Amino acid sequence: MRLNLVRLTSILIALASIASAQRGPQAPQPALMDCGTHGAVEILCGTHSPEDLELTPDGKYLIVSRFVNGRAGGGTPGLELLDLAKKTYSDIPITAEPRKDWGDAACPGPVGDKMIPHGISLGKRTGGMMQLYVVNHGGRQSIEMFELKQAGGKWTLIWHGCAVTMAEFNDVAVLPDGSFIATHPTSLTNADLFSGKPTGVVAKWTQAKGEVTLPGSEGAYPNGVLVSDDGKTMYFNAWTAMEVHKYDLQSSKETGVVKLSFMPDNITWTPEHKMLAAGVKNARGNCPADSATPCISQFGIAEIDPAKMTATTVFDSEGKGALISGVSVALEVGNSIYIGAFQGDRLVKIGRKN
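The structure presented is a predicted model; accordingly, all values stated were derived computationally and were not measured.

Calculation notes
Within each chain, residue numbers correspond to sequence positions counted from 1 in written order. Totals for whole chains, interfaces and linings use all residues, but because this is a predicted model, local features are given only for residues with pLDDT of at least 70 and pairs of side-chain atoms are given and counted only at 80 or more. Side-chain measures were taken over the full set of non-hydrogen atoms in the model, leaving aside hydrogen atoms and water. What counts as a helix is a DSSP run of H or I of at least four residues, what counts as a strand is a run of E of at least two, and both are numbered from the N terminus. Buried means the residue's accessible area, taken with a 1.4 Å probe over protein chains only, is under 20% of the maximum for its type, while exposed means over 50%, and partly exposed covers the values in between. Only the protein chains shown count as cover for residues, and the accessible areas themselves come from Shrake-Rupley with a 1.4 Å probe. Polar contacts here mean pairs of N or O atoms no more than 3.5 Å apart (in protein, one a potential hydrogen donor and the other a potential acceptor; neighbouring residues in sequence count only if both atoms are side-chain atoms). Residues are treated as being in contact if the distance between any of their heavy atoms lies within 4.5 Å. We define a salt bridge as a contact between a side-chain nitrogen of Lys or Arg and a carboxyl oxygen of Asp or Glu at a distance within 4 Å. Each pair of aromatic rings taken from Phe, Tyr and Trp, with Trp reduced to its six-membered ring, is defined by centres within 6.5 Å and is described as stacked if the planes are under 30 degrees apart, edge-to-face if over 60, and tilted in the remaining cases. To count as a disulfide, a pair of cysteine sulfur atoms needs to be within 2.5 Å. Only buried residues count toward a nonpolar core. Its members are Ala, Val, Leu, Ile, Met, Phe, Trp, Tyr and Cys residues joined through side-chain atoms within 4.5 Å.

Draft legend 1. Examining the overall build of the protein more closely. Of regular secondary structure, the protein possesses two helices and 26 strands. A burial count over the protein gives 57% of its 354 residues as buried. Summed over all atoms, the accessible surface of the protein reaches about 14,400 Å², with 51% contributed by carbon and sulfur.

In structure tokens, the structure reads:
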């Protein structure tokens, strides 16, 4: 069954506890701290809904996915760069050069300025090109496929193809051969999204076979996804169950799970090849005790050992003020961690040992 963009937006709003009209009157979230430096924490304002992050190969910029999807706060959807040294944001120049070896032959062509990006994944393609795959909700439900390259000393994107889907993806993990794995959080609809019961699945797409659901990948709102370097193992977050799952792609079965104290949204690799999971808390935090939905101004970050499937707390926002609302991703760069969110005007930078 196809879920249109309006349906997707309503689901996200409900899950983010900002749909007062749907759930009844909600007490306001705590006021966020001002932009700038607050001790060991730095708030980098100037973006819009920075839902997912990737680091450019030179380590100088973050690729930011502005998931602006008709929600409060305004802004224009798109992809931008954060200059880590200058602490400034700028749009990434995008051109189009369709290629038959990228994406589905049925792709209708470039999505252009209609793109509403969600999860993103950067990796090296067989042959050496850097490929950035983008979950898109604008104009069509699709994975948009770009080549990331430098031109005149600046990073640019070249659109090469796409894969259109009938149900919305949330996050994507690119593979060296041009295929990908992506999460369908609500493809098994009509379930209570907060019940802990399966609401979606994970799928693999290849140019030869198209999209195929991975057996036994049903989960409670499948969200962020990663794949090991050898392509044998997948990891995906069950957002409403507060779990991260390990899945063997060769035997098509789950091989591990770890429970967290927050709702893990996206997951990223660290330089030590551990995983960082980040997300809003299900605890009330500074929110009213009678709130019926998660407190989205409080969040956690955990480091996960992919071999042992054990988790260690890296950061807990409790008692540190309202830094950011709707946390969705944490990415380690050098001695710092950059934190993004599915709404708002900011990224947050903290020390790795904060």
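Draft legend 2. The arrangement of the side chain of glutamate 80 in detail. Tracing the backbone through its elements, the reader meets glutamate 80 in strand S5 (residues 78-83). Reaching out from glutamate 80, the side chain makes a polar contact with the side chain of threonine 47 at a distance of 2.4 Å. Contacts of glutamate 80, omitting those with residues within four sequence positions, involve Thr47, Leu62, Ile63, Val64, Arg66, Tyr89, Ser90, Asp91 and Ile92.

Draft legend 3. Representation of the pattern of salt bridges. Applying the stated criterion across every chain, the model contains 11 salt bridges. The partner of arginine 99 in a salt bridge is aspartate 101, with the nearest N and O atoms 2.9 Å apart. A relative accessible area of 37% means that aspartate 101 is categorised as partly exposed. Between glutamate 243 and lysine 259 there is a salt bridge, and its shortest N-O distance comes to 3.8 Å. Here glutamate 243, found in strand S18 (residues 243-248), pairs with lysine 259, found in strand S19 (residues 253-259); they are 16 residues apart in sequence, far enough to count as distant. Within this structure, Arg66, Glu80 and Asp91 form a network of salt bridges that share partners.

Draft legend 4. Structural view of the packing of aromatic side chains. A complete count under the given rule lists six aromatic pairs for this structure. When the centroid spacing of 6.1 Å and the interplanar angle of 80° are considered together, the rings of tyrosine 133 and phenylalanine 180 count as edge-to-face. Highlighted residues: tyrosine 133 in strand S9 (residues 130-136) and phenylalanine 180 in strand S13 (residues 180-184), separated in sequence by 47 residues. Taken individually, tyrosine 133 and phenylalanine 180 each receive the classification buried, so the pair is uniform in this respect. Here the aromatic rings of tyrosine 221 and tryptophan 239 are separated by 5.3 Å at their centres, their planes lie at 50°, and the arrangement is tilted. Of this pair, tyrosine 221 sits in the loop between strand S15 (210-213) and strand S16 (222-227) while tryptophan 239 sits in the loop between strand S17 (233-238) and S18; the two residues are 18 residues apart in sequence, bridging distant segments of the chain.

Draft legend 5. Expanded view of the state of the cysteines. Here the structure, examined in full by the defined rule, presents two disulfides. Sulfur-sulfur distance for the disulfide between cysteine 35 and cysteine 45 comes to 1.9 Å. One quick way to see it: the torsion about the S-S bond of cysteine 35 and cysteine 45 is about -90°, and its sign makes the bridge left-handed. In this pair, cysteine 35 is assigned in the loop between helix H2 (20-23) and strand S1 (36-38) and cysteine 45 in strand S2 (residues 41-45), connecting sequence segments 10 residues apart. Judged by relative accessible area, which is 43%, cysteine 35 ranks as partly exposed. Disulfide partner of cysteine 107: cysteine 162, at an S-S distance of 2.1 Å. Across the S-S bond of cysteine 107 and cysteine 162 the torsion is about 115°, and the bridge reads as right-handed. Of the two residues, cysteine 107 sits in the loop between strand S7 (94-96) and strand S8 (117-124) while cysteine 162 sits in strand S11 (residues 154-164), which places them 55 residues apart along the sequence. Among the residues examined, cysteine 107 registers a relative accessible area of 16% and is labelled buried.

Draft legend 6. Just the nonpolar core, in detail. Among the nonpolar cores identified, the biggest contains 18 residues, and Ile63, Leu79, Leu132, Val134, Phe146, Leu148 and Leu157 are the most heavily contacted of them. Looking at this core, the elements with two or more residues in it are S5, S8, S9, strand S10 (142-151) and S11. Examining the composition of this core, we find that four residues originate from one element, S11, more than from any other. The next biggest cluster of nonpolar side chains, apart from the first, holds 17 residues, and it includes Leu276, Ile339, Ala341 and Ile350.

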